[in-house]
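One-letter residues, chain by chain:
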Amino acid sequence: MEVNSSPGLEGIETATGLDIAGAVIDYVSAQVDFPEIDIRQRLTISKGYGVSEIYIPEGSEFLGKTIQEVMDEEKDINVLTLYRGAKAIPNPRAARELEADDRLLCFGKLDSLRGMIPKKTKARRRPKVQDLQSDELNQPHEDDADQ
């Protein structure tokens, strides 16, 4: 097995049915001096870095693009897990295309992570109001005739 900074474990996990990434994290967690500190907290100790989940909604500019295209090296973001429906894919391949409703658990520069979250629009919804015709205004209402 090759060792690199961003191993692709999806193939071996699919073939074996084992959660290799989870086992590695469990092993590393057991070896640290402060096991009571959550792994997410350990990853956020580096100043300016953190963990965030990025949601890919319908209509996103990221749809159909690969993880590698979205997470270019300049952003300094690593995708830890891709959540697609009920399936969790640890260390997803960089060539995997993103789909609507995907969620990416990422570690990286906080500024870069914030830049990936779509801006919320402040457009207000106004109900469509139909103009009344002038002859409708002059017609007596049925309830008015009884009085």
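A. Molecular detail of the overall build of the chain. Regarding its fold elements, the chain presents 7 helices and 4 strands. For the chain, the residues scored as buried account for 25% of the 147 residues in total. Considering only intrachain contacts with a sequence separation of at least 6, the fraction spanning at least 24 residues in the chain is 63%. Of the roughly 11800 Å² of accessible surface on the chain, 50% is carried by carbon and sulfur atoms.

B. Quick look at the pattern of salt bridges. On inspection of all chains with the given rule, the structure shows 4 salt bridges. Note that Arg103 and Glu53 form a salt bridge whose closest N and O atoms lie 3.2 Å from each other. Taken as a pair, Arg103 in strand β4 (residues 102–109) and Glu53 in strand β1 (residues 49–56) lie far apart in primary sequence, 50 residues in all. A cluster of three or more residues bridged by salt bridges with shared partners is formed by Arg84, Glu99 and Asp102.

C. Seen up close, the confidence of the model for the chain. Averaged over every residue, the pLDDT of the chain is 77; residues scoring 70 or more account for 62%. The lowest-confidence element of the chain is helix α7 (residues 142–146), averaging 56 in pLDDT; the highest-confidence one is strand β3 (residues 87–90), averaging 93.

D. Broad picture of the sheet that holds β1. As summarised here, the arrangement of the 4 strands in space is β1-β4-β2-β3, forming an open sheet in which the pairing is antiparallel. Whereas interior strands pair on both sides, the edge strands pair on one side only; in this sheet they are β1 and β3. When strand polarity is set aside, the average angle formed by the axes of neighbouring strands in this sheet is 20°.

E. Highlighting the pairing of β4. Along β4, 6 of the 8 residues are buried, which leaves the element largely enclosed by surrounding structure. Pairing geometry for β1 and β4, over 8 bridges, is antiparallel. Following the sheet pairing, Glu53 is matched in β4 by Leu105. Here strand β2 (residues 77–84) runs beside β4; their pairing, made up of 6 bridges, is antiparallel. Paired with Thr81 across the two strands is Leu105, which belongs to β4.

Rules of the game
- Residues numbered from 1 in each chain as written.
- Predicted model: local features only at pLDDT ≥ 70, side-chain atom pairs only at ≥ 80, totals over all residues.
- Heavy atoms only, no water.
- Helix = DSSP H or I, 4+ residues; strand = E, 2+ residues; numbered from the N terminus.
- Buried < 20%, exposed > 50% of the residue type's maximum accessible area, 1.4 Å probe, protein only.
- Contact = heavy atoms within 4.5 Å.
- Areas by Shrake-Rupley, 256 points an atom, 1.4 Å probe, with all protein chains shown as cover.
- Salt bridge = Lys/Arg side-chain N within 4 Å of Asp/Glu carboxyl O.
- pLDDT = per-residue confidence, 0-100.
- Pairing = 2+ DSSP bridges.
- Axes fitted to C-alpha atoms, helices over the stretch in contact; angles between N-to-C directions.

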